[in-house]
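This is what each chain is made of:
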Amino acid sequence: MDFMSGMGGIPMDMLDPSLFPEGHRPQQPPPPPPAQQDQDVEMGDYPAAGHEVDDDGEESDVSDMSVDSDAMELAAEVARFDKQQEEFVARQRAEAAGIPYQPPAKPSKSAAADKKTKGGVIIAKGRKRKSKTVKGPRQAVKPSPDILFRLNLAQQAFQRGDYETTMTMLSEIIRINSEVIHAWVLLSSVHEALENRSQAVMCRITAAHLTPRDVPQWIATAEYCLEGVEEMEDDEEGNQPPEKVDALKRAYACYSQALEVDRTHIQARIARADVIMMMGNQQSRALGEYQKALGYRPYNIRTVRNIADVALDVKDLKKGAGIARAAYRKVIDYLMERGTFEAEEGRFEWSDLRIYLEFFGTLELWREGLRELKEIARWLSGRREETYWEEFDDGQRGDDDREWDIGEERRLGVNGFVPGKFPRESYGLGMPMDLRAKLFVYRCKLGFHDTEAKRHLELLDPTRQEEFMDFPDCLKDIAVALLDQNKAEEAKKYLDLFKHIAETEGTGSIDADFLVCQGRYHISLGEKQTAEECFIAAIEDDEDHIEARVQLANMYEGEQEQEGREEAYLLVHEAMNLQKLGPRKRRGPYGPRKNTGPRKPRKPRDPNAPKSKYVPRRLLNAEKRRQQEMEQTKEATKNYQIMQEMEGNALLGDEEAKSKWMAAAKALVDDFRSYKRFYPWDKYIKLLGYTNPAEGGQQAVPARNLKLAAMEERLRDLAPADGAKPNAPAPVSKPRFKIPQEHRGIPFETWLNIFLNYAFALVRAGEHREAYAVCHAARDSVVWTSIENTFLIHVAWASCAVYAGDEETCVAIARYFMRDYRPGTDSFRMFSALCRVCQTPVSWYTSGPAQKFILRQIKIMDNIVIEQQKSASGEKDDLISLDVCLLTIYGHILFTTTSYTYALSYFARAASIDPTNCLINLSTGLAYIHYALKRQATNRQYLLAQGFSFLFRYYEDRLAEAERNGSVGQRQEAHFNMARAYSLIGLGNIAVEYYKKVLEEPPVPKVDKTDEERWKGGLAEEDLRVEAAYNVRSMGYLLGDVEGAAGVVRRWMVLE
């Protein structure tokens, strides 16, 4: 049932049959109302459902309500009876008066056409009557007494708990009149009592469609859909259960329907934005909805908070922060002007200030953030009239924070300050500890390390644990600011306090941010191995953490080994890619914390988003690195055993075995591809999805990525190989280390089989692009560089392309064989074979690049032959000469593109080399015949004579060859091709004679593959008798010989 379409009456064929038990489903009442337009899930400018629109664009007052068929029939009978009664009375009166009876005249068609009837009122032609616009919800149909009686009985049965009887009565009511809202609501209650939640929701939605302009009804229905959604937990991977997804979609549709009626309804718009947020990964859409809601009510504090919550999660972080900051500032100015903290739907509190200040840190507006913090904190403390403190914000009196000192020594020297006018708690003592930390961070960013920042730090005493219990996250910010000043020992005090609070009190968590701070502390002490472990632990805790990758790359960049610089380059690229994707998780603004138990796993960004292929490797801690290698080896051995165990059942079609085999193979292939030493550097970074900006693969770097871009520029040019010039590209074909004979205890030959078998499995599963990527990874590896392995990889790649029907890839691989192997007949035949077996149009076979490539091969051979002929020594290379296969292929490409004149020239060159070749004569003859059938042909008789002369030469040579070989299939082929040629020019009588010769031939014997003498590794001959019989049948049927066509079918085309 499409619950997005507004309905005046509910057609029975649109009702969900599952809403009614078996035997109680209502029958189809005639006639159904006209179909309504589908509502877009986004806000569309469609007219309200269930209302007609007249020529002036206004709503019609004509109801589109359905009427019961029995009631309509009864009304018609009553009207007919009344008419007959009036005629009888008139006839009796006329006879009594002696006047001949004259029946009333019927209106003429022309008169009826000049008038229109609308709502029972006759309107003259040429005039338009504007209907009265209906305001508010549409009036429901008044139920008949019979319906009310039945509905009363259903309610009594429901109250008794007799749900079976209730559903039976409601089914009958809906059959009689599907617009009874109370029937649908009661049916929803029945399903709710029976725990059929989905059917209950659909009944509520159906009831809401009966009053499409009733906004409260739509909102109530949406809220009903959302009941219990918060209790539906996501799975371990962060995916929402199907029930939750359906409930959110239905609620979104209901809120959208409400907004179609009233776009200014703030509750519906905010609720729809909330639903979008609950759907996940749609923060930009939710932000747009909240902005629209704020446009109607700009001082609604709840909407502003929602915007602030979404703004730090959108992809463009700075844009979102700017929007939220402006919205908060507008509310603050409004409240300050009116001298109150009470806003619409809430009160401005200290927590709002904490949220507001987050955006200044995101935008790196330290001076503005400091000024806003002091101004709003002064207002919240009840001292807004003391505006003279603004002169100490980089003004005439200096730049300090004496207003927020604990003592009054510095405040006493300020003109205008009156001690005791306001309580001391409204100054320094009233500043929350987390906002004091903000003041410290802002002053450090502005360079006041030894003055104001030092004063604030003295008040942020790490020995007073109780002052930080509600705001433990601010300890990390203090530590970061101290680490930026190279004060590691002082930072350690705050880090230890945070760790103690997290482990003992449970008001915090050891997250990736803390691990990064701890790693920076160890770097300042020169403990690189411990710092490396901290950064890698941060990446493992939060796979999207950017700062951990940047710090790890900074540490690796200082290593003298080239491997360290390579690792740094990869880490920087990972960080840049993550910044492009936008934030997935952010730390919430400071506020009182409660013990929430163990931290839940993070929700992934998007199940369909590409996951990083790079796993950071330990370079400094050799022991940890060995342990990591041993764990990976153990895991690879386990996956290899699974593949061996599941292979037999997977080949027999066991789906469970297939899935296990695929999962194990994928893990092994990913492990091999992540091993950097098996690939040249440029291939490895492309394998990870990175591109060189010089190659045009990367767009302009946004402003927020300038630091990372500069670091990436430094690391891009790695240390050149020995003896190479600084800017010369390093050779990539030779590995920089001695390649072992195995990896993870598995020989490399077995690894190649795993790659290729996994590619075959992928293409059979419909994932041909992933199969190509696996073949590409095998080809780029420095392990399989031998000719045999490379040939095998490309043959497997071509097999995947043929299975997928990808002619473009088939042509590309065929060109590889013709280009990278010695030119010869076999490689040219491979090109034709791949294009032939690929069941797709010939667009790539005849494409411009393919034509140019084949033509270049011909020119190369021509030049070689000419040079050999001009050579004085007369030496010739017997292996290099004009190739008949190559000339014929190019002739066929031109033939397919209807360039018959040019094709004939290349067929003639091929015939000059091999004049007895049957294929060349057949192709030449067909080219002449097709050229003769073109409109531009000048001498068709000559062209046809030339064509058939070549065809008869082909025919005679083919029969002679068949006689020598004793081949029945070749004789059938010769007869069939001659018949097709005569049929092509319209000589059906001659074509039939050759078709008869095909039918007179004996059947082609089936070839046993085990018979090497007859099989010889070639293709089996094809029996053409069925094709010939089909053509004879078609010709006979078209000429009117139906009996003859039927006889051919019965004799030759009946399958045994």
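- Within an unreviewed UniProt entry, the label attached to the protein chain reads TPR-like protein, and the organism entered is Cercophora samala.

**Side note on a nonpolar patch on the surface**
Part 1 of the argument: Side chains of Tyr1037, Leu1038 and Val1042 sit close together on the surface and give an oily, nonpolar patch of about 360 Å² of accessible area.
Part 2 of the argument: Within the element layout of this structure, Tyr1037 appears in helix α40 (residues 1025-1038).

**So, the UniProt feature "repeat: TPR" (unreviewed entry) in the protein chain**
Part 1 of the argument: Look at the UniProt record and you will see "repeat: TPR" (unreviewed entry) annotated at residues 884-917.
Part 2 of the argument: The distance separating the terminal C-alpha atoms of residues 884-917 is 10 Å; by composition the span is 79% helix and 0% strand.

**Here we look at the environment of Glu375**
Part 1 of the argument: Secondary-structure assignment places Glu375 in helix α14 (residues 366-380).
Part 2 of the argument: Glu375 sits 14 residues away from Trp389 along the chain, and the two C-alpha atoms are 8.7 Å apart.

**A short note on helix α24 (residues 655-673)**
Part 1 of the argument: The end-to-end C-alpha distance of α24 is 27 Å, a good match for the 27 Å that 19 residues give at a rise of 1.5 Å each.
Part 2 of the argument: Of all the positions in α24, only Ala657, Trp661, Ala664, Ala665, Leu668, Val669, Asp671, Phe672 and Arg673 are classed as buried.
Part 3 of the argument: Two or three places before Glu656, at the opening of α24, Asp654 has a side-chain oxygen 3.2 Å from that residue's backbone nitrogen.

**Quick word on the pattern of salt bridges**
Part 1 of the argument: Evaluated as defined, the whole model comprises 46 salt bridges.
Part 2 of the argument: The salt bridge partner of Glu172 is Arg175, with a shortest N-O separation of 2.9 Å. Placement of the pair is Glu172 and Arg175 together in helix α4 (residues 163-176), with a separation of three residues, close to one helical turn.
Part 3 of the argument: Overall, Arg175 belongs to the partly exposed group, its relative accessible area being 26%.
Part 4 of the argument: Across the salt bridge formed by Arg464 and Glu467, the nearest N and O atoms sit 2.7 Å from each other.
Part 5 of the argument: With relative accessibility at 30%, the residue Arg464 sits in the partly exposed group.
Part 6 of the argument: Each of Arg367, Lys374, Asp399, Asp401 and Arg443 takes part in a single network of salt bridges with overlapping partners.

**Quick notes on helix α37 (residues 968-984)**
Part 1 of the argument: The terminal C-alpha atoms of α37 lie 24 Å apart, and with 17 residues this matches the ideal 24 Å at 1.5 Å per residue to within 8%.
Part 2 of the argument: In terms of residue burial, α37 counts as a mostly covered element, since twelve of its 17 residues are buried.
Part 3 of the argument: Looking only at α37, the buried set comprises Val968, Gly969, Gln970, Arg971, Gln972, Ala974, His975, Phe976, Met978, Ala979, Ala981 and Tyr982.
Part 4 of the argument: Of the residues that open α37, the one with a side-chain oxygen 3.2 Å from the backbone nitrogen of Gln970 is Ser967.

Reading the values: the criteria
Residues numbered from 1 in each chain as written. Predicted model: local features only at pLDDT ≥ 70, side-chain atom pairs only at ≥ 80, totals over all residues. Heavy atoms only, no water. Patch = residues over 30% accessible without salt bridge, like charges linked within 9 Å, V, L, I, M, F, W, Y side chains within 5 Å. Areas by Shrake-Rupley, 256 points an atom, 1.4 Å probe, with all protein chains shown as cover. Salt bridge = Lys/Arg side-chain N within 4 Å of Asp/Glu carboxyl O. Helix = DSSP H or I, 4+ residues; strand = E, 2+ residues; numbered from the N terminus. UniProt positions renumbered as here; feature names shortened; annotations may be inferred. Expected span 1.5 Å × (residues − 1). Buried < 20%, exposed > 50% of the residue type's maximum accessible area, 1.4 Å probe, protein only. Polar contact = N/O pair within 3.5 Å; in protein donor to acceptor, adjacent residues only side chain to side chain.

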